[in-house]
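Structure assessment
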Amino acid sequence: MDTTNLYIRMSDCPEIQAIWLSQFAIAEVYDYCVVYRDSQDDGKYHTGIFVESPSNTFKTANGAKGKMNDVIWIPRQGQLQKIANTCDCTDPMCLHLDFHKWFIAIPNPAPDWTDTFEKIWLAFTMQRIYNKEWDGEKWQTI
Amino acid sequence: MDKTLVYAEMCSEANEDLHTLERSEKWEAGDFYCVTISSGPIVLVLGDAEDEPYEMYHPIWMLRQDQLQDIMLPDEAVSIDIMQLLEKFFDWLNETDNRGKRSMEQLWLAFVMNKKFNKDWNGEKWILLTST
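Scoring rules and cut-offs
Residues numbered from 1 in each chain as written. Chains lettered and ligands numbered in written order. Predicted model: local features only at pLDDT ≥ 70, side-chain atom pairs only at ≥ 80, totals over all residues. Helix = DSSP H or I, 4+ residues; strand = E, 2+ residues; numbered from the N terminus. Rg over C-alpha atoms; globule rule 2.2 N^0.38 Å. Buried ≥ 20, exposed ≤ 12 C-beta atoms within 10 Å, placed from the backbone. Contact = placed C-beta atoms within 7 Å. Axes fitted to C-alpha atoms, helices over the stretch in contact; angles between N-to-C directions. Parallel < 35°, antiparallel > 145°, perpendicular 65-115°, else oblique. Left-handed = near helix turned anticlockwise from the far one by under 90°. Pairing = 2+ DSSP bridges. Nonpolar A, V, L, I, M, F, W, Y, C, P; charged D, E, K, R; others polar. Core = buried A, V, L, I, M, F, W, Y, C linked by C-beta atoms within 7 Å. Domains from an automatic or database assignment.

The next subject is the overall build of chain A. Regarding its fold elements, chain A presents five helices and seven strands. In terms of overall size, chain A behaves like a compact globule, its C-alpha atoms giving a radius of gyration of 16 Å where 142 residues would be expected to give roughly 14 Å. Taken over the C-alpha atoms alone, chain A extends approximately 45 × 35 × 25 Å along its principal axes. When the 142 residues of chain A are sorted by exposure, 31% land in the buried category. Within chain A, residue pairs in contact and separated by at least 24 positions form 50% of the contacts whose partners lie at least 6 positions apart.

Encoded structure:
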């Protein structure tokens, strides 16, 4: 699972976070991998499994607590595929064919977000659903 | 994440082969696993590595896509490794009959089992492919 700073920055966008914020309360427990900053530890990111959010705070399975504003959801590939899948079809090949078409058009040399599958699927999802691409710093509308 | 019993069965049957590959025996936070309790099988996520699943329930490790991909990648993989692995995966998808596989996890597991162990899922177990 990609927990790099670049993937965290790419995930920390209104489109992706809004999906999580609208879902976590009704989702199955432990479904979401999140990162949070520990202010007593040079503001470094820590990874945890989200458990609950009582009164605008969060709690992770390893006991970390904090303000909801300080937590960022980093989606797994399966979660991104769920967002990117726009048809009712249950055949995974359907989404994969579109993903392949998009993938072979990635410019050469490959951008820096091609070093993990999570970043690649996030870039695909952002383009397919929100018509945005990563410019190295932020998501830009195409 | 595919939490179906079909995928749990595929992982269970692949367990012996997958254990021959390098992977720490230790459970990690975020690992999915299936256990059978009195009410039937359930899929759970390990929240904290300290809370290992009870061995008495014979937990089946249900691999996520990134864990399956890690099996196929060198340590410290860079962009070129990822792109090449995706190309290989696409080629394999094109030349393989994958009807009946219902998730990306099932496809990636089948890919790993094919490339690492020359096996294919027949709906019940992983069978060794015979060379023609």
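Picking up where we left off.
A separate point is the overall build of chain B. Looking only at helices and strands, chain B features four helices and five strands. Counting from the amino terminus, chain B carries its helices and strands in the arrangement α-β-β-β-α-α-α-β-β. Taken against the 2.2 N^0.38 rule, which gives 14 Å for 132 residues, the C-alpha radius of gyration of chain B at 15 Å falls within 12% of a compact globule. Counting all 132 residues of chain B, 30% fall into the buried class. Considering only intrachain contacts with a sequence separation of at least 6, the fraction spanning at least 24 residues in chain B is 54%.

Residue and element names in this part refer to chain A. Between helix H3 (residues 77–84) and helix H5 (residues 117–130), the shortest axis-to-axis distance is 9 Å and the interhelical angle comes to 15°. On the basis of their axis angle, the class for H3 and H5 is roughly parallel. As for how H3 packs across H5, the hand of that crossing is left-handed. Counted together, Gln77, Leu80, Gln81, Ile83 and Ala84 of H3 and Phe117, Glu118, Trp121, Leu122, Phe124, Thr125, Arg128 and Ile129 of H5 form the full contact between these two elements.

Residue and element names in this part refer to chain B. Ordered by their spatial adjacency, three strands build an open sheet running S2-S1-S3, and the pairing between neighbours is antiparallel. If you trace the sheet from one side to the other, it starts and ends with strand S2 (40–45) and strand S3 (60–62), each paired once. The sheet shows a mean angle of 30° between the axes of neighbouring strands, taken without regard to direction. Where strand S1 (residues 32–37) lies against S2, six bridges are found, and the strand directions are antiparallel. Bridge pairing in S2 links Thr36 to Pro41. Of the strands in this sheet, S1, S2 and S3 are in contact with helix H1 (residues 5–18), which crosses S3 at around 115°.

Let us look at the sheet that holds strand S5 (residues 71–73) of chain A. Residue and element names in this part refer to chain A. The five strands lie next to each other as S4-S3-S2-S1-S5, forming an open sheet whose pairing is antiparallel. Two strands close off the open sheet at either side, each with one partner strand: strand S4 (65–67) and S5. Averaged over all adjacent pairs, the angle separating strand axes in this sheet is 50°, with direction ignored. Judged from the two bridges that link them, strand S2 (residues 45–52) and strand S3 (residues 57–60) form a sheet pairing that is antiparallel. Its bridge partner lying in S3, Phe50 is registered against Thr60.

Next up on the list: unusual backbone geometry. Residue and element names in this part refer to chain A. Here the bond from Asn108 into Pro109 is cis, since omega is 0°, no more than 30 degrees from zero. Along the chain, Pro109 turns up in the loop between helix H4 (92–103) and H5. The phi angle at Asn56 is positive, at roughly 60°, despite the residue not being glycine. Note that Asn56 resides in the loop between S2 and S3.

Counting residues at the interface gives 24 residues for chain A and 23 residues for chain B. Put simply, the parts of the chain that give the side of chain A that touches chain B at least two residues each are S2, H3, H4 and H5 of chain A. The element that contributes the greatest number of residues to the side of chain A that touches chain B is H4 of chain A, accounting for five residues. A per-class count over the side of chain A that touches chain B returns 11 nonpolar, nine polar and four charged.

This paragraph deals with the nonpolar core. Counting 54 residues, the largest nonpolar core has Val34 of chain A together with Cys11, Met62 and Leu109 of chain B as the members making the most contacts within it. Among the elements that take part in this core, helix H4 (residues 104–117) of chain B stands out by supplying eight residues, more than any other. Counting residues domain by domain, this core receives three or more from each of domain 1 (5–73) and domain 2 (77–141) of chain A. Setting aside chain neighbours within four positions, we find Leu109 of chain B in contact with Met10, Cys11, Ala14, Leu63 and Leu68 of chain B.

Turning next to the domain arrangement of chain A. All names here are of chain A. For chain A, the domain assignment lists domain 1 (5–73) and domain 2 (77–141). Centre-to-centre, using C-alpha coordinates, domain 1 lies 22 Å away from domain 2. Contact residues are listed per partner, giving seven residues for domain 1 and 10 residues for domain 2. Broken down by secondary-structure element, the contributors of at least two residues to the side of domain 1 that touches domain 2 are helix H1 (5–11) and helix H2 (14–23). A per-element tally of the side of domain 1 that touches domain 2 places H1 first, with four residues. The class makeup of the residues in the side of domain 1 that touches domain 2 is five nonpolar, one polar and one charged.

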